[in-house]
There are 2 protein chains.
Amino acid sequence: MNDALKITNQFMEIALKEARFARDRDEVPVGAVIVDKNNNILASNGNRIIELSDPTAHAEILCIREASKKIKNERLTDCTIFSSLEPCIMCATAISYSRIKKLFFGAYDYKTGAVESGIKYFETSSCNHKPEFYGGFKEKESELILKSYFKMKRV
Amino acid sequence: MNDALKITNQFMEIALKEARFARDRDEVPVGAVIVDKNNNILASNGNRIIELSDPTAHAEILCIREASKKIKNERLTDCTIFSSLEPCIMCATAISYSRIKKLFFGAYDYKTGAVESGIKYFETSSCNHKPEFYGGFKEKESELILKSYFKMKRV
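As a starting point, this report considers the structure included with it. (Residues numbered from 1 in each chain as written. Chains lettered and ligands numbered in written order. Predicted model: local features only at pLDDT ≥ 70, side-chain atom pairs only at ≥ 80, totals over all residues. Heavy atoms only, no water.)

**A closer look at the sheet that holds strand E3 (residues 80-85) of chain A**
Residue and element names in this part refer to chain A. The sheet built from five strands is open, its strands ordered E2-E1-E3-E4-E5 with mixed pairing. Sheet topology places strand E2 (41-46) and strand E5 (132-134) at the edges, where each strand pairs with a single neighbour. Direction aside, neighbouring strands of the sheet carry axes that sit 10 degrees apart on average. When E3 meets strand E4 (residues 102-107), the two strands line up parallel, connected through five bridges. By the bridge assignment for E4, Thr-80 is matched with Lys-102. In this fold helix H4 (residues 139-154) packs onto E3 and E4, with an angle of close to 60 degrees to the strand it touches most, E4. (Pairing = 2+ DSSP bridges. Helix = DSSP H or I, 4+ residues; strand = E, 2+ residues; numbered from the N terminus. Axes fitted to C-alpha atoms, helices over the stretch in contact; angles between N-to-C directions. Contact = heavy atoms within 4.5 Å.)

Here is the structure:
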C-alpha cells in the first residue's frame, strides 16, 4: 500500500469512528473529517441532527463550519474532506462553496447521494467549484455501520 | 389586497430589511424570515458568510438553524419561510429536510436558484419533502438591492 492510500485510510478510519459515535447518539451514523494541506485535522464530527435540533447538522456541514471558523476563512482551499458516506445534495453544495480541494467518501448512497449518484451536483452547470472526488474507501465498513443501524431501528 | 397577501408582503419586507442589513455588512444581500403557523417570527437573518467565516451561512440556513433550536425540534412542520431570493441548491435541500410547509421568495435566481430555476430540487426524485412554493414577491425591490450591491462591488 502506498503512503497516500495509507493516509487516506487513516482519515477514513477517523470518519468511521465519528460515524460510530453518531450511532451511539442514535443519529444516522455518518462521520467526516477535514484536514489541511499538511494533513493536520481541522475538524471531525458526526451527524448531530437530533442532538442539536438542526436539520442541517450533517457530519460534513458541521466539519465545514468548524474548520472554516478555525482558520477564520470561509474558503477551505487546499483542504480535503473524508466522509463515511457519499455526500447528499446539501453537503455536496456546501463542499463546493467551501472550495475544498479533494473529497474522499466511503459507501455510495444511491438514494440521496449527489456526487456519483442522483443529480451528480459537481457535474451540473450550477456548480462553480468542483473538487476532485474519490468514492469507495472503507466502503464495506461504512455500509455495515449504516445497515446495522437501520436494522436496529426497524426492530 | 387580501389579508393573506398583506401578511406575505409584511414578512417579505422583513426579509428585504435583513437583505439590506447584509449589504451593510458587505455580504451578498439576501435575507430570510421563518414564522410558525400563527405567524410568530421564529428567526430572521441575512447572509453572514464573511462575518462568521462560514460558507454555509446563507440567510435561509441561519434561519432554519435558529428556528429549529428555538422550538427544540429539527422539524419545522407548519412553518413558512420567506426569502428575498430564490433559494440555492444547498438552501432548498435544507428547507426540504426541515419539513417547512411553505416557501415564498422574491427575486428569481436564474444562475444558482434551485426551486423554479436550475435543477428545480423539489421536483427531483432525491426530494422527500416538497414545500408549497411561490416566487416573485417584492421581486423588483429584491432585485434592486442585489443589482446595486453587485454594481458597487464592480466599481
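Now, onward.
**Some remarks on H4(A)**
Residue and element names in this part refer to chain A. Under the 1.5 Å per step criterion, the end-to-end length of H4 is 23 Å for 16 residues, consistent within 8% with the ideal 22 Å. Looking only at H4, the buried set comprises Ser-142, Ile-145, Leu-146 and Tyr-149. For H4, the angular spread of the buried residues around the axis is 90 degrees, confining them to a single face. H4 presents Lys-140, Leu-144, Lys-147, Lys-151 and Arg-154 as exposed residues on the side facing more than 90 degrees away from its buried surface. Looking at the buried positions of H4, the neighbouring elements they touch are helix H1 (3-24), E3 and E4. (Expected span 1.5 Å × (residues − 1). Buried < 20%, exposed > 50% of the residue type's maximum accessible area, 1.4 Å probe, protein only. Arc of directions from axis to C-beta.)

**Side note on the relation of the copies chain B and chain A**
Superposing chain B onto chain A requires a rotation of 180 degrees together with a translation of 0.0 Å along the rotation axis, leaving an RMSD of 0.0 Å. These values place the two chain copies in the arrangement generated by a two-fold rotation axis. Using C-alpha coordinates, one finds that chain B approaches the rotation axis most closely at B:Met90, a distance of 2.2 Å. A high fraction, 100%, of the interface residues of chain B reappear at the interface in chain A, so the copies pair face to face through one surface. (Least-squares fit on C-alpha atoms with pLDDT ≥ 70 in both.)

**Here we look at the pattern of salt bridges**
Pairs can form between side chains of opposite charge whenever their charged atoms are close. Residues and elements named next belong to chain A. Using the criterion set out here, one finds 18 salt bridges over all chains in the structure. Between Arg-48 and Glu-51 there is a salt bridge, with the nearest N and O atoms lying 2.7 Å from each other. With a relative accessible area of 46%, Glu-51 lands in the partly exposed category. Linking Glu-123 and Lys-130 is a salt bridge whose minimum nitrogen-to-oxygen distance equals 3.3 Å. Taking the relative accessible area as the measure of exposure, Glu-123 reaches 48% and is therefore partly exposed. (Salt bridge = Lys/Arg side-chain N within 4 Å of Asp/Glu carboxyl O.)

**What about the nonpolar core?**
The biggest cluster of nonpolar side chains holds 64 residues, and the ones touching the most others in it are A:Ile34, A:Phe122, B:Ile34 and B:Phe122. In this view, A:Ile34 contacts A:Asn40, A:Ile41, A:Leu42, A:Ala43, A:Cys63, A:Ile64, A:Ala67, A:Leu76, A:Cys79, A:Thr80, A:Ile81 and A:Ile100; residues no more than four positions away in its chain are not counted. (Core = buried A, V, L, I, M, F, W, Y, C linked by side-chain atoms within 4.5 Å.)

**Considering the packing of helix H2 (residues 59-70) of chain A against helix H3 (residues 89-97) of chain A**
Residues and elements named next belong to chain A. H3 packs onto H2 with a crossing angle of 25 degrees between their chain directions and a minimal axis gap of 9 Å. Between H2 and H3, the angle is such that the two are roughly parallel. For the crossing formed where H2 meets H3, the hand is left-handed. Along the contact surface, H2 presents Glu-60, Ile-61 and Ile-64, while H3 presents Met-90, Cys-91, Ala-94 and Ile-95. Taken together, the residues that form the contact of H2 with H3 break down as six nonpolar, no polar and one charged. (Parallel < 35°, antiparallel > 145°, perpendicular 65-115°, else oblique. Left-handed = near helix turned anticlockwise from the far one by under 90°. Nonpolar A, V, L, I, M, F, W, Y, C, P; charged D, E, K, R; others polar.)

**Here's the deal with unusual backbone geometry**
Most peptide bonds are trans, and most residues other than glycine sit at a negative phi. All names here are of chain A. Of note in this structure, Asp-78 is not a glycine but carries a positive phi near 75 degrees. Mapped onto the elements, Asp-78 comes out in the loop between H2 and E3. On the basis of relative accessibility, which here comes to 34%, the residue Asp-78 falls in the partly exposed class.

**Description of the packing of aromatic side chains**
What the rule picks out here adds up to 18 aromatic pairs over all chains. Between B:Phe105 and B:Tyr108 the ring centres are 5.2 Å apart and the planes differ by 80 degrees, which places this aromatic pair in the edge-to-face class. Ring centres 6.1 Å apart and planes at 10 degrees place the aromatic pair B:Tyr108 and B:Tyr110 in the stacked group. Residue classification places B:Tyr110 among the exposed positions, given a relative accessible area of 65%. By the ring-pair criterion, three or more aromatic residues cluster together here, those being A:Phe11, A:Phe82, A:Phe104, A:Tyr134 and A:Phe137. (Phe/Tyr/Trp six-rings, centres within 6.5 Å; stacked < 30°, edge-to-face > 60°.)

**Let's talk about the environment of A:Tyr121**
One can find A:Tyr121 in the loop between E4 and E5. As a C-alpha pair, A:Tyr121 and A:Thr93 span 28 residues in sequence and 7.2 Å in three-dimensional space. The residues touching A:Tyr121, leaving out its near neighbours within four places in the chain, are A:Ala92, A:Thr93, A:Ser96, A:Tyr97, A:Ala114, A:Ser126, A:Cys127 and B:Ile89.

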